[in-house]
Amino acid sequence: MHSAPRCAARSKRTGKPCRNPAVNGWSVCRMHGARGGSMSGKDCPAYKHGGRTKEAEQLRKLSNDLTRLMRDFGR
């Protein structure tokens, strides 16, 4: 543990390096972005109905744009 490679991240305030051990195969520790991000879609534990997925948001935006066009066309 003491001889493990250290995290390459630096503090914005002090400029000192992070002293946590880096994750295997990464240059940073788990707190600075190694293996970061979350699962997407149905793999994510917080997934409930899909109403907020990227595809659903794009479809909703397209539908709203078409509705506005139709409303302006009718005037």
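Residues numbered from 1 in each chain as written. Predicted model: local features only at pLDDT ≥ 70, side-chain atom pairs only at ≥ 80, totals over all residues. Heavy atoms only, no water.

## A look at the nonpolar core
Phase 1: Judged by nonpolar contacts, Cys-7, Ala-9, Cys-18, Val-23, Val-28, Cys-29 and Ala-34 together constitute the single largest core of 7 residues.
Phase 2: When near neighbours in sequence (up to four residues on either side) are disregarded, Cys-7 contacts Cys-18, Asn-20, Pro-21, Ala-22, Ser-27, Val-28, Cys-29 and His-32. (Core = buried A, V, L, I, M, F, W, Y, C linked by side-chain atoms within 4.5 Å. Buried < 20%, exposed > 50% of the residue type's maximum accessible area, 1.4 Å probe, protein only. Contact = heavy atoms within 4.5 Å.)

## With respect to the pattern of salt bridges
Phase 1: If you walk through the whole model with that rule in mind, you get 3 salt bridges.
Phase 2: Notably, a salt bridge pairs Glu-57 with Arg-52, separated by 3.3 Å at the nearest N-O pair.
Phase 3: Of the residues examined, Glu-57 reaches a relative accessible area of 32% and is grouped as partly exposed.
Phase 4: Note that Arg-60 is salt-bridged to Glu-57, the shortest N-O span being 3.1 Å. With a gap of 3 residues between them, Arg-60 and Glu-57 both fall in helix 1 (residues 54-73), about one helical turn apart. (Salt bridge = Lys/Arg side-chain N within 4 Å of Asp/Glu carboxyl O. Helix = DSSP H or I, 4+ residues; strand = E, 2+ residues; numbered from the N terminus.)

By themselves, these are just geometric observations and shouldn't be taken as functional.
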